[in-house]
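Working through the structure, step by step
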Amino acid sequence: MSESKKQNIETLLAHDEQRNPNGAVVPPIYQNSLFTFESWDDIDQAFDNRMESFIYTRGRNPTVKQVEEKLAALCGGEKAQLFPSGMGAISAAIMHCVNAGDHIITIKNLYGPANNFISSYLKPKFNVEVTYVTGKDISDFENAIQDNTSLIYLESPSSAVFSLQDIEAVAKLAKSKGIKTMIDNTWTSPIFQKPLAMGIDLEIHSCSKYIGGHSDVVAGLVVGSKQEVESISLREFEWIGAKIAPFEAWLLLRSLRTLPIRMRQHQENALAVAEFLENHPKIQLLRYPGAKSFDQKELAKKQMTGLTGLMGFQLKTDDLEKIKAFVNTLKYFHLGVSWGGHESLIYAPAISYLKELSPDQFAGLGISLGDMRISVGLENKEDLIADLERALELI
Ligand SMILES: *Cc1c(COP(=O)(O)O)cnc(C)c1O
C-alpha cells in the first residue's frame, strides 16, 4: 500500500511495514548472539557501519531494532535505545551526561532507586554534586544552577507525590545555559506527554510499567536525537553491557499494539476511581493530577493530553490494625510493588519506610500510616469502586 499520509499512532503500533517470512502476522524473534557474513569484505563493511549492522547481540539485534524504531516514532525522537530495565536506561543516560565533579539538579521525591544511584553512588564515588528542588516554580531551577551543572533531571508527574515541573520552561532555561535535560516520563506513558517536542534532550521510560502493560516484562528506554542516543548506544550501552534480551523486546512489540487503547481505558477507570475516592468521607486527601483539589491544573492541561492510573490517597485513620484490614480485604487491588499493568494494585509506602526509618524520621516525611498508592488497572471500573467501597467500611 502506498503511503499517502503520515501514519497515526494507533496504525504505527498495530501495523508492521515489513512483510514477515511465510506471511506470519507476528514477527519471528532473532534469538541469536551473533551474525555471520559471506566474506571478509562484508564483515569489514559491517564494522564500518556499526550503528546499522548486526554483528553481535550485545550491540544490535533485529528484533530489538524493530521495537526501538516504533518507540522512537511514538515519542517523536530520532532514535531509541532499549535497556533490560528502567534503571539500566536511567543510569546509562545519567553517566552519558555527567562527568566526575559535575552538578545535577533534580526534584525532591525523585524515584527512589534513581535518587540512590545519584546520591549514594555517583556522589561518593565520582564527587558528583546534587541539588534537590521542589520544581513547581522555574526559579527553583534558575537558583540552583552552578558553573558545573551539567544535567537537569525531571520526573513529571513524579511517581511519588504527583507534582509537575514546567517541562518547556526548564528545557528552555537549560538550553540557554548549555545544560542537558532528561525526564523520566513513565507516569504519563509516551501517549499522554511528549517531552522531546518541548525541548527535552533525553526521554526515559521504565517499560516495566505502561509500555509493557502486561506485568511480564522488565525493560527500559532512552529516546532522543540520533547523535545523543547513538553515543549512548556505542558507549554506556555496549560497554557496560546492560543489553535487553530479544525475547523481552519481542514482548514489548506485542504490548505496543494495544498501548493507545490501554491508556484510554486506564484513564477512564482512574478518573472514575479518583472521583469516588475524593468524595468519600473516609478519605483524607487524594494525590492525583485529576483530583479536584490538584494545585497544578493549568500546567497539567498545558503539557499533558491525558491522565493515567497511578494515584495516592490518605485514609482518615492512623490505626494500623484497621489500615491492614482495609488492605487485606481488597479483592481486585492486589498488594504489591510496581504499577502500570493490566491488574489493579495497592501499596502502602509505610511498609517500606517502617523498615528503614525511626518513628520520628517517618513522621518527618509528611506521609502517614494511612497513605496508600494504587495502580488502577483494566478491570471493570464499577467492580473496582465496589471493592474499595467495601474495604472502606472497615475504616
Ligand atoms: C519502575 C520505575 C523506574 C525503574 O524502572 P525498572 O524497569 O523497574 O528498572 C523508573 N522510574 C519510575 C517512575 C518507575 O516507576
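Rules used in this analysis
Residues numbered from 1 in each chain as written. Predicted model: local features only at pLDDT ≥ 70, side-chain atom pairs only at ≥ 80, totals over all residues. Heavy atoms only, no water. Domains from an automatic or database assignment. Contact = heavy atoms within 4.5 Å. Buried area = accessible area lost by both parts, 1.4 Å probe. Salt bridge = Lys/Arg side-chain N within 4 Å of Asp/Glu carboxyl O. Polar contact = N/O pair within 3.5 Å; in protein donor to acceptor, adjacent residues only side chain to side chain. Helix = DSSP H or I, 4+ residues; strand = E, 2+ residues; numbered from the N terminus. Nonpolar A, V, L, I, M, F, W, Y, C, P; charged D, E, K, R; others polar. Pairing = 2+ DSSP bridges. Axes fitted to C-alpha atoms, helices over the stretch in contact; angles between N-to-C directions. Expected span 1.5 Å × (residues − 1). Buried < 20%, exposed > 50% of the residue type's maximum accessible area, 1.4 Å probe, protein only. Near = heavy atom within 4 Å. Areas by Shrake-Rupley, 256 points an atom, 1.4 Å probe, with all protein chains shown as cover. Phe/Tyr/Trp six-rings, centres within 6.5 Å; stacked < 30°, edge-to-face > 60°.

As a further point, take the domain arrangement of the protein chain. Bring the parts together and some accessible area is lost; that lost area is often taken as the interface size. The domain architecture assigned to the protein chain consists of domain 1 (3-30 + 61-256) and domain 2 (259-392). If you average the C-alpha positions of domain 1 and of domain 2, the two centres end up 25 Å apart. Between domain 1 and domain 2, the residue contacts involve 34 residues of the former and 33 residues of the latter. Carbon and sulfur atoms make up 60% of the surface buried where domain 1 meets domain 2, a total of about 2800 Å² over both sides. At the surface where domain 1 touches domain 2, the tally comes to 3 salt bridges. Across the pair Lys136 and Asp295 runs a salt bridge whose closest N-O atoms are separated by 2.8 Å. In this structure, the connection of domain 1 to domain 2 is made through 17 residue pairs in polar contact (both at pLDDT 80 or more). Elements represented by at least two residues in the side of domain 1 that touches domain 2 include exactly helix H1 (9-14), helix H7 (167-176), helix H8 (189-192) and helix H10 (246-257). Top contributing element to the side of domain 1 that touches domain 2 by residue count: H8, with 4 residues. Looking at side-chain class alone, the side of domain 1 that touches domain 2 contains 15 nonpolar, 14 polar and 5 charged residues.

It is worth spelling out the sheet that holds strand E8 (residues 283-287) at this point. Here 5 strands make up an open sheet; going across it, the order is E8-E9-E12-E11-E10 and the pairing mixed. Strand pairing shows two members of the sheet lacking a second neighbour, E8 and strand E10 (334-335), which therefore form its edges. Judged from the 3 bridges that link them, strand E11 (residues 345-347) and strand E12 (residues 371-375) form a sheet pairing that is antiparallel. Residue pairing for E12: Ile346 is matched across the bridge by Ile374. Here helix H11 (residues 259-278) sits on the sheet in contact with E8, strand E9 (310-315) and E12, set at roughly 15° to E9.

Attention now goes to helix H5 (residues 112-126). Compared with an ideal rise of 1.5 Å per residue, which puts 15 residues at 21 Å, H5 spans 20 Å between its outermost C-alpha atoms and is within 8% of the ideal. When H5 is considered as a whole, its buried residues turn out to be Ala114, Phe117, Ile118 and Leu122. If you follow the buried residues of H5, they end up packed against helix H4 (86-97), strand E2 (103-107), strand E3 (129-133) and strand E4 (149-155). Phi for Asn127, located one or two positions after H5, is positive at around 60°.

Another point: the site of the ligand. Looking at the ligand, there are 14 residues lining it, with Gly86, Met87, Asp184, Ser208 and Lys209 nearest. Gly86 is positioned such that a nitrogen or oxygen atom in its backbone is 2.8 Å from an oxygen atom of the ligand. Between Asp184 and the ligand, the recorded distance is 2.6 Å, taken from a side-chain N or O atom to a nitrogen atom. For the ligand, whose unbound accessible area comes to 380 Å², protein coverage reaches 89%. The biggest single contributor to the shell around the ligand is H4, with 3 residues.

All chains considered together, the criterion is met by 10 aromatic pairs. Relative to Phe237, the ring of Phe83 has its centre 5.4 Å away and its plane inclined at 90°; by these criteria the two rings are edge-to-face. With a gap of 154 residues between them, Phe83 in strand E1 (residues 79-83) and Phe237 in helix H9 (residues 226-240) connect regions that are remote in the sequence. The residues Phe83 and Phe237 share a single accessibility class, namely buried. Judged by centre distance (5.8 Å) and plane angle (20°), the rings of Phe247 and Trp250 are stacked.

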